[in-house]
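Residue-level structural notes
In case you want the letters, here they are:
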Amino acid sequence: MTAKGESEMLEFKASTGMRNEAAKTVCAMLNQRGGYVLFGIKPECQVAGQQVSDRTLEQLSAEIMRIEPPAFPEVSRIPVSGSLEIISVKVAPGASQPYQYRGNSYLRVGNTTRKMTSEQQNQLLLERMHDEQRWENRPAKDWTLDDLDTAEIRKTVTEAVQNGRLAEPGGRNAEDLLRGLGLIRGGNILRAAAVLFGKAEFLETVMPQCLLRVARFRGTDRSEFLDNRQFIGNAFALLESGMRFLRDTIPIASHFESGRMERIDKPLYPPLAVREALANALCHRDYAMGGGSIGLAIYDDRLEITSVGPLHFGIAPNDLFKPHESRPWNPIIARVFYTRGIIEAWGRGTIKIAELAISAGLPHPEIEGHHDYVTVRFWNPEYTQPHYQDHDLTEQQRAVFAILKQSDDAMALRHIRMALGSQTDERRLRKDLIALKGKGLVILSGKGRGAVWKTI
């Protein structure tokens, strides 16, 4: 266990004299995937052991008891040599996260223990209460059956019966169908039903977060729109609107196969993979964020689908491309999507996305997680950087480009200006940099005083 050194799930302490720091690590492991804290091992992985008495274990237990809510990791003694022993503290993932030690919550980042931010603590609290109290399973206040698209409800049940994921209910009364789908509780229509079947005119007023933004950009950034639209509607309507936009917008890739005279045309991005990614976004996004939406953006070099809300339950982006437990943030909405045959169950959706993309000749797709949004990205394998001619640039633009190309590091605006000469007009220089960026020659990283420019 010690050979590979410390990690997110393994921490070494030379002795129980470091029990305060160790208790922070136990707290952090309770808040994540568990792990081991071993006393009697030096940082360089040298097994030293220590003298262990009843008093030693009492002091260690007393420190662990300062963790709230109470946790009971397994403490054991491992003989090393002579009278020396190692103390092993085995920590299971906590069932009542977030845990605190002396009033602070902690998490593991690699092989270090760090204090949680208030935002991270709030996220763990939301996940802790998720089974019973979440946005989708609360009543949709003042909603009635008239505010829902009953034709879409009946269509959902019909398709679910046809694909074998729902038994024939024996009727098509919309209220009975909603109850059978688990979308009515205590006589109240749930918010999940509003998301799935709400009429657009009502959603626009009371749930404006049921929004899909679509755009086609020229180049590889957002400096110039070729198309820009917004759709408000229920989840099924948004899925159809998004796929219609893709059919109208996605470039067509053409090729010839040996032995065939006719040209074979197919969308650059496989529609089934993109549809799965868009459906996942509709199921997993955070609807509690009132100003949120789903974004679908097409650039020259990629296609991105972005949804509001972070990844939950300790899942990392790369974990989604491996077999993993399916834990949707909106399980009721996800279950109806699955029942209708739109998404996969049991954590297969993102794996399917990767398989479809690779079989279509695309690079492996990417998933990027942030504290308030998640992006799924498909890359265009046919994209090449645009060429440019000197006569397309002004004299100063050519000079700026040359300076950036010769620099090994990205440069701040003030450094570019110094290289050009202090007499250079800063406002004009900014415009020239934006022009170079629009031509796909340079990129901007960072914001404000930390913004830097470099060639692509």
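Fair warning: this is a prediction, and the values are worked out from it, not measured in the lab.

What counts as what
- Each chain has its residues counted from 1, following the order in which its sequence is written.
- Only residues with pLDDT of at least 70 are given local features in this predicted model, and only at 80 or more are side-chain atom pairs given and counted; all residues enter the totals for whole chains, interfaces and linings.
- The side-chain numbers reported here are obtained from all heavy atoms of the structure, hydrogens and water having been left aside.
- Runs of E in the DSSP output that reach at least two residues are strands. Runs of H or I that reach at least four are helices, and both are numbered from the N terminus.
- Exposure is judged per residue with a 1.4 Å probe applied to protein chains only, and the accessible area is read against the type maximum: over 50% gives exposed, under 20% gives buried, and values in between give partly exposed.
- Exposure was quantified through the Shrake-Rupley algorithm and a 1.4 Å probe, taking into account, for residues, occlusion by the shown protein chains and nothing else.
- This count recognises Lys and Arg as positive and Asp and Glu as negative, with His and chain-terminal groups excluded.
- To locate a charge, the coordinates of NZ of Lys, CZ of Arg, CG of Asp or CD of Glu are taken.
- To define a nonpolar core, start from buried Ala, Val, Leu, Ile, Met, Phe, Trp, Tyr and Cys residues and group those joined through side-chain atoms within 4.5 Å.
- Any two residues whose heavy atoms approach within 4.5 Å are treated as being in contact.
- One fewer than the residue count of a helix, multiplied by 1.5 Å, yields its expected span.
- What qualifies as a polar contact is a pair of N or O atoms within 3.5 Å, subject to a donor-acceptor requirement within protein and to the restriction that residues adjacent in sequence count only when both atoms come from side chains.
- Note on pairing: DSSP must find at least two bridges between two strands before they are called paired.

1. Quick word on the overall build of the protein
Per the secondary structure count, the protein includes 14 helices and 21 strands. If one aligns the C-alpha atoms of the protein with their principal axes, the spans along those axes are about 80 × 80 × 55 Å. Across the 456 residues of the protein, 43% fall into the buried class. Of the roughly 24,100 Å² that the protein leaves accessible, carbon and sulfur atoms contribute 49%. Of note, the protein has its 59 positive side-chain charges centred 3 Å away from the centre of its 56 negative side-chain charges.

2. Side note on the nonpolar core
Soluble globular proteins tend to pack their nonpolar side chains together in the buried interior. Counting residues in each nonpolar core, the largest one holds 67 residues, and the members touching the most others are Leu183, Phe197, Phe337 and Phe378. No other element matches the 8 residues that helix α9 (residues 271–284) contributes to this core. Ignoring sequence-local partners within four residues, the contact set of Phe337 consists of Leu196, Ala235, Phe236, Leu239, Ala279, Leu282, Cys283, Ile342 and Ile343. Ala28, Ile64, Tyr99 and Tyr101 belong to the second largest nonpolar core, which has 21 residues in total.

3. Digging into helix α1 (residues 19–30)
With 12 residues, α1 should reach 16 Å at 1.5 Å per residue; the first-to-last C-alpha distance of 16 Å fits that figure. Taken as a whole, α1 has its buried residues at Ala22, Ala23, Thr25, Val26, Cys27, Ala28, Met29 and Leu30.

4. A word on the environment of Gly295
With respect to the helices and strands, the residue Gly295 is situated in strand β16 (residues 294–298). In this structure, the C-alpha to C-alpha distance between Gly295 and Val308, residues 13 residues apart in sequence, is 8.9 Å. Those residues in contact with Gly295 that lie beyond four places of it in its chain are Arg213, Glu304, Ile305 and Thr306.

5. Things to note about the side chain of Glu304
For Glu304, the location among the structural elements is in strand β17 (residues 302–308). Side chain to side chain, Glu304 and Arg302 meet in a polar contact 2.8 Å long. Excluding its chain neighbours within four sequence positions, the residues that come into contact with Glu304 are Gly295, Leu296, Ala297, Tyr299, Thr375, Val376 and Arg377.

6. Observations regarding the pairing of strand β19 (residues 373–379)
The element β19 is extensively covered by neighbouring structure, given that 5 of its 7 residues are classed as buried. Taken together, the 7 bridges between β17 and β19 define a ladder with antiparallel strand orientation. The residue bridging Arg302 from the neighbouring strand is Trp379, located in β19. Across 4 bridges, strand β18 (residues 366–369) lies against β19 in antiparallel orientation. From the neighbouring strand, Glu366 faces β19, where its bridge partner is Arg377. The hairpin formed by β18 and β19 contains 3 residues between the paired strands.

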